[in-house]
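Now for the letters of each chain:
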Amino acid sequence: DQRARALGTSVYDYNGSVRLPMLPKRFSAGSSSLLPNQPRQVVSISFILDDQGKRRGQIEFGTKIIRSCCKLSYEKAEQIIAGQSPVDIAVYNQALQRLCDDVRLLYQLSQRIRTRRLKGRYHASMTTNSASAHELVEEFMIMTNWAVAKTLIRNCEDLCILNSQSSPNESRLQEWAENAGVFAQLSARLAKAAQKAGLSTRDASTAKQPMNVLGETFRLLSTKLFNFDAEYDSALEEFARFVCSERAHPQLALWVSKYLRTMQRAEYTTTSTDLQFPQKHHELGMTYCHFTSPLRRFVDLVLQRLLKKYVLRSEIESSYDDEEVGIIGLDCSFRRRRAKIYGRETALLKFACDIHRYPIATVAVVEKVSNGFIELYVPDCSHFPSSARKIRLSPLCASKANLDSLSNFPTVNLEWNIAVLTDRRQPSLFADRSLPVTKFESVSISTWTKLIRCLAQFNNDKKSELREILSIIRKEFDTNIKVASLESTKKDKSSIRKQLSANNLVSVQIASSMKQGLLQPYIQLLAFPDGLSVCVEHNTHAADCFAPAFDSQQLRKLRTFRSFRDYASHWLPIVQIESATASVKASGTATPSLISNLAVRWSRVEDGLLQGFVEFDKRYADKRKVACRLGDYVCLRYFNIKLPEVERERREKEGAQGGIWEARSSFGNRYVFNIVIHCQVIETSEEDYFESLKEGKQERKKCMLTIRQCAPFPATNVISLETISSTSCVAQFIHCSPPFRRKTRSLNELFTGENVNENLLKQIILVENQTQLWNSSLPADDCRRLSLTEMLGKEQFLNKNQYRAVRRALDNDFTSIQGPPGTGKTVTGVHIAWWLGQDNVAKSCHLHLYYCAPSNEAVDLVAKMLKQLNNLKRGQEGVKPLTLLRVYGGSIESQSYKGLSLFKRYRPPGIPEVQKMESEDLKDIALHHRIRDELHSNLLAQRQAKQIRDFEVLFAQYVKNDVVPTEEEAEEYKVCVNAAQRREIDSADVILCTCMEAGSARLRRSRRSTAQVIVDEAGQCTEPETIVAVVQAQRKIVLIGDHKQLQPVVQDRRIADTLSQSMFERLSCRALMLNEQYRMHEDLCSFPSLMFYKDQLKTAVGVTKRRQSIVWSHFWKQLKSAERPSPVKPYCFVNIQGKEEINAVSEIGKGGEESKSNATEADLVIRIATSLTQMYSVPLTGIRILTPYTAQKALLEKKLRQKYVSARVCTISESQGGEADFIILSTVRSLPDHRVIKHPTRHWREENVGFLADEHQMNVALTRAKRGLVIVGNENVLRFCHMWRKLLKMYKSHRCFLSSSQAKEMFFIR
């Protein structure tokens, strides 16, 4: 008894077998079990029922001795109810016949009781296995438990333990009923629930969404109803069960699931201790207890003892008081919950184990469409984790994704632009390439409602009506199929459009992988009826699919590298992870490259992974711009592979026993499966096309690829390679961009020690002491002589630390310079570049100087300054103009010359850079314009420029007419361009480019050596990005940046801790800091200086003497003298409570991520900007609005356009390096008072504060203003970040903290 009480309940596995019995087996399966032919004493409850199942007379309680004649399973009882006589029951023939008659009679009575209890016929059973037998037991069990509960309440009210369920929350139930709409009328259970919620019946004819039905099953079952024979009643019963079964219709299963989520949990309660609980069970609608299973529930055991003592008046040893009974109820409620969780988790784990080797395909219902994601419901796996059911829209790789939220059911419109190469020239785009799931056919809701009502009121007079409805449904099936096929033939093969809204059906493939030490199921593929499939797996977890396995804990450790090999070995896996993540993300914004019906020849290599060989028509691929390059990623999808015979037999056996494969494959083909293989191209080889043309051997060119499996998939252990090799597949090519190839190549050069200056690189990689490799011939210790007054201004010179930085850079082989905001680090960098370039020219050593930065904007800024300086210095004695060359990336070059798009198979993952155009001021020094300049001073250059332009005029016509150039034309054009580029690069003294472009092949082919490399904004470069530039240096490296401002952007969180620390930050202890700032008012400078720079920043004399703006003196005068800041401060914080909103879905199709906006805050920000202009005469050019979120930026720009205000808006990330007289900062995040908690967790902070807690972003935002700063935000959010809390405290102490109402009065507008 103590054991039973401690356990509270028996614990069951996924398949219903007892894992941990409440009572020892000698009792539960022995002396206390109703074994056949063994006498047992039982408590009996006797009912008298008439032929309609109505109770007559009194209910009698007693004890009896019974002897069971046999042990009957649910499956055998189901056979008896169906009219069959099981032959394997050990009972004499006469007794067997009586047994069968009794079971059938009980079933008939139970159905009549069930009809009366549920107030209708054909209510869906809770299970699909042996449904009739389960319903029989269920009805008599409910009747018995009701009778016992009523009796015990009369006899011992304070001791009776009830199984109570409170009514659901009315608002949640009403919301469910409103969302379910007409679907709630298609199920007796849901209709009853909707009626309870007070939802009026809707007109089914107005429903726009169809009902999806298993067409083949429907036709099979309904055919029997057209014959009025002896089996009509049984056929009608089977058909009605199918039609009314919620499990047979995924859409109804979804709404049943959502309805159950509104229900309160049932608890064990007593009337004496739990007055807040009702005595009724809401779902059953009656007073109810648990009494019928004393061997597996302790509560049932207690109630049997109470019944014997207080009803049967038996003498028993056990006695309970009301307090003890209350404790038992609480304990058993807790233990019942744990047992259910265990059963649910084991079922999920067993499911994950079964699909680990062989993923399954099934049907899912779209449960919810929202901003940024869709949520699916998988009927075949009711315990599917909620986190795995949510699919973000960005991994679907749609070129467009627009949310229509105005309709009753929000709809997302998806569009894919797909470049497809069909290797075997089949007419269908994805012939026989769909997931093997049951086909559904659609019927109108109104027709289906008529069918439901006809069955609910069925009698012999309704037979003709039923046949008429069935004929209508069949006609609708045939009509919908014809319409669907017509749409399919008209569809443009390169553009596919889909609509997804709640209640739509999609096909999914479910696989499993290890997560937190356990196998967890996840959605691997999402497919649509016409065969279009999207690999959700690699679009969500790119690094797991395409990058080698890695130890995330090991990557986080700070390492001291002993050699270049050690360094390269550490960074190469990280670059591969970064490459996979960025390339897959970029593929979502470009046109996917697909090859249908592709054959791959597989073989197994030494480490057990697979290696495949592929060939296809190269010219056919070129025409459709399908390119395959070394390092590209490939996702191969094999469909409808037959299971091995052993696995088929196992699934059949489990399905026949009602096991997992019977329940899990209701809508899928359990005998075939699909394979998804993720690979990388490790080798490409092409036959020499020109030689073959000369010899007349062939007219087709083959592209040969060798691909290597990246992530293991278990199916290869049991599926023969011959089977996979003989099956064609659909391949998606994901292109690895040049920047990541260059990172890999640079690290490999370090690994091998080729083409690098080891002594120089040791100082930044192995952090060794500096050695002087360079003897400068420049002015020695004269600050005035080093200062370029043409740029600084007349009588303006470098300050002390700027001069020291320039002098150190000129004299040493490695220099690191930290430039806080406004300290002139770019000016310092230009001085260094100028004097190093002059020294190279003076020595006539034909050396390059690279000036690099992570962004084109930063490089353009320096290029303009150097170009201007070149012009100003031209003609001065002893000064030779520097030959400057601005080298842009290929994506920007192709924007200027459209014909180049013929040679662009893909767009590189540098998403922000692709949107940027080249600077108009730099066209005369830009490489791609120089090689096309027909007015060039060099005659050879003029001829090459004309030749290039002639080709591009021709190519532009090709683009317009969708024609592909010949191989000879393409090759001749490339040779001409390469020669012109090499000539310009060889003649340049200073090459200005991004860090990634510094590793490009065209720059590496130069005949001139690269002496010095300067990396500006080095704090924003990842370490591998910096390495690409600095490995080119042979004599000198200069890093300029500020690690306290923006960090590198890292897309994969697992490597963020490693990559977010730039090389500059790692070496920051060796940096010389520029400490005199020329931008901010000294009051604006005080907080950043104190918090981020150890109070070392000083304000230049010119700034302190600068005439202060009269805005703030007038502004603060509006307050009472006691409330004004004294002295006047050039900043204020406005506290406002708004409402956060998620960004529009349309941005996701452009590669955007979830962003946030706040309309209330945006309105106030615009009011402040307008007030500064109207009332304080601040020009709009002197105002800049900053926000951390792109969605808020878009909202502000939209509202400003509506008000015809042209103030500039940008994100904090875009603002680095910029400045304005007045900055208005919109922080966006907001919380109402009731959602603020006293002791927030880390997760709560991350969710509600977001990257406002990033001190680097905060530093940039606070240091852009020259004369005034207005911060608009919500104190409820910001005070949970320690740095913002300090800022708010300072603002409050200076009386610069305003409420939104005060701000609206003070920033008034006309």
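Scroll up to find the structure.
A brief report on the enclosed structure follows. (Residues numbered from 1 in each chain as written. Predicted model: local features only at pLDDT ≥ 70, side-chain atom pairs only at ≥ 80, totals over all residues. Heavy atoms only, no water.)

Brief notes about the sheet that holds strand β34 (residues 1072-1073)
Two strands in a sheet stick together by hydrogen bonds in their backbones, pointing the same way (parallel) or opposite ways (antiparallel). Strand order in the open sheet made by the seven strands is β30-β31-β29-β32-β33-β28-β34, with parallel pairing throughout. Each edge of the sheet is formed by a strand with only one pairing partner; in this case those strands are β30 (884-886) and β34. Summarising the sheet, strand β28 (residues 814-818) and strand β33 (residues 1036-1041) pair through five bridges and their orientation is parallel. Directly across from Ser816, in β33, lies its bridge partner Leu1039. Along the sheet, helix α30 (residues 825-843) makes contact with β28, β29 (847-853), β32 (1009-1015) and β33, crossing β29 at roughly 170°. (Pairing = 2+ DSSP bridges. Helix = DSSP H or I, 4+ residues; strand = E, 2+ residues; numbered from the N terminus. Contact = heavy atoms within 4.5 Å. Axes fitted to C-alpha atoms, helices over the stretch in contact; angles between N-to-C directions.)

Considering the side chain of Asp860
In this structure, Asp860 sits in helix α31 (residues 856-873). Among the residues examined, Asp860 registers a relative accessible area of 10% and is labelled buried. If we skip the residues at most four places from it in the chain, Asp860 touches Arg886, Tyr888, Ser919 and Leu922. (Buried < 20%, exposed > 50% of the residue type's maximum accessible area, 1.4 Å probe, protein only.)

A short note on a negative patch on the surface
On the surface, Glu157, Asp158, Asp321, Asp322 and Glu323 cluster together to form a negatively charged patch. Mapping Asp158 onto the fold places it in the loop between α5 (131-155) and β5 (161-164). By relative accessible area, Asp158 is classed as partly exposed at 42%. (Patch = residues over 30% accessible without salt bridge, like charges linked within 9 Å, V, L, I, M, F, W, Y side chains within 5 Å. Areas by Shrake-Rupley, 256 points an atom, 1.4 Å probe, with all protein chains shown as cover. Salt bridge = Lys/Arg side-chain N within 4 Å of Asp/Glu carboxyl O. Lys, Arg positive; Asp, Glu negative; His and termini not counted. Charge placed at Lys NZ, Arg CZ, Asp CG, Glu CD.)

Quick notes on the packing of aromatic side chains
Using the criterion set out here, one finds 20 aromatic pairs in the structure. With a centroid separation of 5.2 Å and 50° between ring planes, the pair formed by Trp176 and Tyr259 is classed as tilted. Remark: Tyr259 occurs in helix α10 (residues 250-262) and Trp176 occurs in helix α6 (residues 170-180); sequence separation between them is 83 residues. Judged on exposure class, the residue Trp176 and its partner Tyr259 are both buried. With centroids separated by 4.9 Å and ring planes inclined at 45°, the aromatic side chains of Tyr1189 and Phe1251 adopt a geometry described as tilted. With Tyr1189 in the loop between β40 (1183-1187) and α45 (1190-1202) and Phe1251 in the loop between α47 (1242-1248) and α48 (1255-1262), this pair connects stretches of sequence that are 62 residues apart. (Phe/Tyr/Trp six-rings, centres within 6.5 Å; stacked < 30°, edge-to-face > 60°.)

Looking at the sheet that holds strand β37 (residues 1131-1135)
Across the sheet, six strands lie side by side as β41-β40-β42-β43-β37-β44; this open sheet has parallel pairing. Edge positions in the sheet fall to β41 (1208-1211) and β44 (1297-1299), since each has one partner strand and no second. Sheet twist, expressed as the mean angle between neighbouring strand axes with direction ignored, is 25°. As defined by bridge partners, β37 adjoins β44 across three bridges and the pair is classed as parallel. Bridged to Phe1133 within β44 is Phe1297. Packed on one face of the sheet, α48 meets β40, β42 (1220-1226) and β43 (1265-1273) and runs near 130° to β43. Packed onto the sheet, helix α50 (residues 1282-1293) meets β37, β42, β43 and β44 and runs at close to 110° relative to β37.

Some points on helix α19 (residues 564-587)
The periodicity of an α-helix, 3.6 residues per turn, causes residues three or four positions apart to be oriented the same way. For α19, which comprises 24 residues, the first-to-last C-alpha distance of 33 Å matches the rise-based estimate of 34 Å (1.5 Å per residue) to within 8%. In terms of burial, α19 is largely enclosed, as 19 of its 24 residues are buried. (Expected span 1.5 Å × (residues − 1).)

Regarding the pattern of salt bridges
Pairing of side chains with opposite charge becomes possible as their charged atoms draw close. Scanning the model with the defined rule gives 50 salt bridges in all. Linking Lys946 and Asp950 is a salt bridge whose minimum nitrogen-to-oxygen distance equals 3.2 Å. Highlighted residues: Lys946 and Asp950, both in helix α35 (residues 939-961), separated by four residues, approximately one helical turn. Of the residues examined, Lys946 reaches a relative accessible area of 44% and is grouped as partly exposed. Judged by relative accessible area, which is 45%, Asp950 ranks as partly exposed. Note that Asp1221 and Lys1266 form a salt bridge whose closest N and O atoms lie 3.9 Å from each other. Here Asp1221 is found in strand β42, whereas its partner Lys1266 is found in strand β43, with 45 residues between them in sequence. Taking the relative accessible area as the measure of exposure, Asp1221 reaches 23% and is therefore partly exposed. It is possible to trace a salt-bridge network through shared partners that takes in Arg114, Arg117, Glu135, Glu138, Glu139, Glu237 and Arg241.

Points about the pairing of strand β17 (residues 495-501)
Of all the seven residues making up β17, five are buried; the element is thus mostly covered by neighbouring parts of the structure. In terms of strand pairing, strand β14 (residues 411-417) meets β17 through seven bridges, oriented antiparallel. If you follow Asn413 over to β17, its bridge partner there is Gln499.

Digging into the packing of helix α3 (residues 74-81) against α5
Across the interface, α3 lies against α5 with an axial gap of 7 Å and an inter-helix angle of 100°. When the axis of α3 is compared with that of α5, the two are roughly perpendicular. In contact with Tyr74, Ala77, Glu78 and Ile81 of α3, α5 contributes Ala131, Ser132, Ala133, His134, Leu136 and Val137. For the contact of α3 with α5, the residue count by class is seven nonpolar, two polar and one charged. (Parallel < 35°, antiparallel > 145°, perpendicular 65-115°, else oblique. Nonpolar A, V, L, I, M, F, W, Y, C, P; charged D, E, K, R; others polar.)

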